[in-house]
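For reference, the chains in residue letters:
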Amino acid sequence: MRWAPKHLDDIALALWQHLYLVGISLGCAFVIALILGIWSARRPKTYALVLTFTGMLFSIPSLALFALFIPWLGIGVLPAIVGLTAYALMILVRNIATGFHAIAPEVLDAARGMGYGYWRLLWEIELPLALPFIITGLRIAATTLIGIATVAAYINAGGLGTIIFAGLDQRYPEKILIGGGLTSLLAIGVDALFLLVQRRMARRRPQARMEASA
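Residues numbered from 1 in each chain as written. Predicted model: local features only at pLDDT ≥ 70, side-chain atom pairs only at ≥ 80, totals over all residues. Heavy atoms only, no water.

J.: Can you help me understand the environment of asparagine 95 in this one?
T.: Within the element layout of this structure, asparagine 95 appears in helix α5 (residues 77–101). Taking the C-alpha atoms as reference points, asparagine 95 and isoleucine 134, separated by 39 residues in sequence, lie 5.8 Å from one another. Setting aside anything within four residues of it in sequence, one finds asparagine 95 in contact with Phe133, Thr136 and Gly137. Looking at asparagine 95, its side chain comes within polar contact range of the main-chain oxygen of isoleucine 91, at 2.8 Å. (Helix = DSSP H or I, 4+ residues; strand = E, 2+ residues; numbered from the N terminus. Contact = heavy atoms within 4.5 Å. Polar contact = N/O pair within 3.5 Å; in protein donor to acceptor, adjacent residues only side chain to side chain.)

Written out as structure tokens, the structure is:
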């Protein structure tokens, strides 16, 4: 390896740009999806429309979707973030709504019988019960966006894709290996992190139930 040791700063910058693109997009998508998921979870027709629309966005090829935003947003980071946000919506909305659908109606009826209002029911009962599904959605969306974000390099958004495409253009295998390898490691690391969160949540649930019963 000759190129990598001399360009550690460039590699670090590309990695940071990739993390920035994915992090901001995932955060924006989560806020939008949380609102849409909660709102549509109890409305089957609305849920079907939301899932159809977000599914259509997800089915558009990544480069084509980024290109659609260029006339209004130009090239660079902004259209990349908007495109990545759109890609994550279907995954997150589906998992959030699934989490709410999985809650037994008897649990909600019992909480309402105890005087829980809408917001208290949502915050103390529904969201905690739906949280495992929400974390799963974030896990899938994050790893998906890490892969798609490499394409954003085509519209000058930066990220690890710049190294990969430079290697392809220059027929430089080392750059391809560095860019592709870091992208893969990043996806594996993020997936492992969310998996760890899920396992810790699963361990705490029995403890919380025992404390509540005591």
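J.: Just checking my understanding: could you explain helix α7 (residues 118–148) for this structure?
T.: A turn of α-helix holds 3.6 residues, and therefore any two residues three or four places apart point the same way. Helix length check: α7 (31 residues) gives 38 Å between terminal C-alpha atoms against 45 Å at 1.5 Å per residue, more than 12% under. Largest kink in α7: about 50°, centred on leucine 131, with the proline proline 132 one to four residues after it. (Expected span 1.5 Å × (residues − 1). Bend = angle between axes of the 7 residues up to and from the residue.)

J.: Sorry, what's going on with the UniProt feature "transmembrane region" (unreviewed entry) in the protein chain here?
T.: Listed under "transmembrane region" (unreviewed entry) in the UniProt record, and renumbered for this structure, are residues 20–39, 46–66, 72–93, 129–156 and 176–197. The span residues 72–93 is 86% helix and 0% strand, and its two end C-alpha atoms sit 26 Å from each other. With 71% helix and 0% strand, residues 129–156 has its two end C-alpha atoms placed 41 Å apart. (UniProt positions renumbered as here; feature names shortened; annotations may be inferred.)

J.: Looking at this structure, I do not really get the UniProt feature "domain: ABC transmembrane type-1" (unreviewed entry) in the protein chain. What am I missing?
T.: Under the local residue numbering, the UniProt record ascribes the feature "domain: ABC transmembrane type-1" (unreviewed entry) to residues 15–194. Helix makes up 84% of residues 15–194 and strand makes up 0%, while its end C-alpha atoms are separated by 19 Å.

J.: Can you help me understand the layout of surface pockets in this one?
T.: In this approach, a probe sized like a water molecule rolls over the atoms, and the result shows the empty space that is left. Empty space within the second largest pocket amounts to approximately 220 Å³. Lining the second largest pocket we find Ile38, Trp39, Arg42, Arg43, Phe100, Arg112, Tyr118, Trp119, Leu121, Leu122 and Glu126. Listing elements by their share of the lining of the second largest pocket, those giving two or more residues are α2 (8–41) and α7. When residues in the lining of the second largest pocket are grouped by element, the largest group, five residues, is from α7. In terms of residue class, the lining of the second largest pocket is built from seven nonpolar, no polar and four charged. (1 Å grid on protein atoms, 1.4 Å probe; cavity = no way out; pocket = protein on both sides within 12 Å on 5 of 7 lines; lining within 4 Å. Points joined across faces, edges and corners; volume = space filled by probe spheres on them. Nonpolar A, V, L, I, M, F, W, Y, C, P; charged D, E, K, R; others polar.)

J.: Teacher, can you tell me more about the packing of aromatic side chains here?
T.: If you walk through the whole model with that rule in mind, you get four aromatic pairs. Aromatic side chains phenylalanine 58 and tyrosine 87 sit 5.8 Å apart centroid to centroid with 80° between the ring planes, which places their arrangement in the edge-to-face category. With a gap of 29 residues between them, phenylalanine 58 in helix α3 (residues 44–59) and tyrosine 87 in helix α5 connect regions that are remote in the sequence. The class of phenylalanine 58 is partly exposed, set by a relative accessible area of 29%. In this arrangement the basic side chain of arginine 120 is found over the ring face of tyrosine 116, its NZ or CZ atom lying 3.9 Å from the centre. (Phe/Tyr/Trp six-rings, centres within 6.5 Å; stacked < 30°, edge-to-face > 60°. Buried < 20%, exposed > 50% of the residue type's maximum accessible area, 1.4 Å probe, protein only. Lys NZ or Arg CZ within 6 Å of the ring centre and 35° of its normal.)

J.: Got a minute to help me understand the nonpolar core in this structure?
T.: For soluble globular proteins, the rule of thumb is that nonpolar side chains tend to be buried together. Ranked by internal contacts, the top residues of the largest apolar core, which has 46 residues, are Leu92 and Phe100. Listing elements by their share of this core, those giving two or more residues are α2, α3, α4 (62–73), α5, α7 and α9 (173–213). With 14 residues, α5 is the single largest residue contributor to this core. Ignoring any residue separated from it by four or fewer positions in sequence, one finds leucine 92 in contact with Leu26, Ala29, Phe30, Ala33, Gly137, Leu138 and Ala141. If you look at the next biggest cluster of nonpolar residues, it comprises seven residues, including Trp3, Ala4, Ala14 and Ile178. (Core = buried A, V, L, I, M, F, W, Y, C linked by side-chain atoms within 4.5 Å.)

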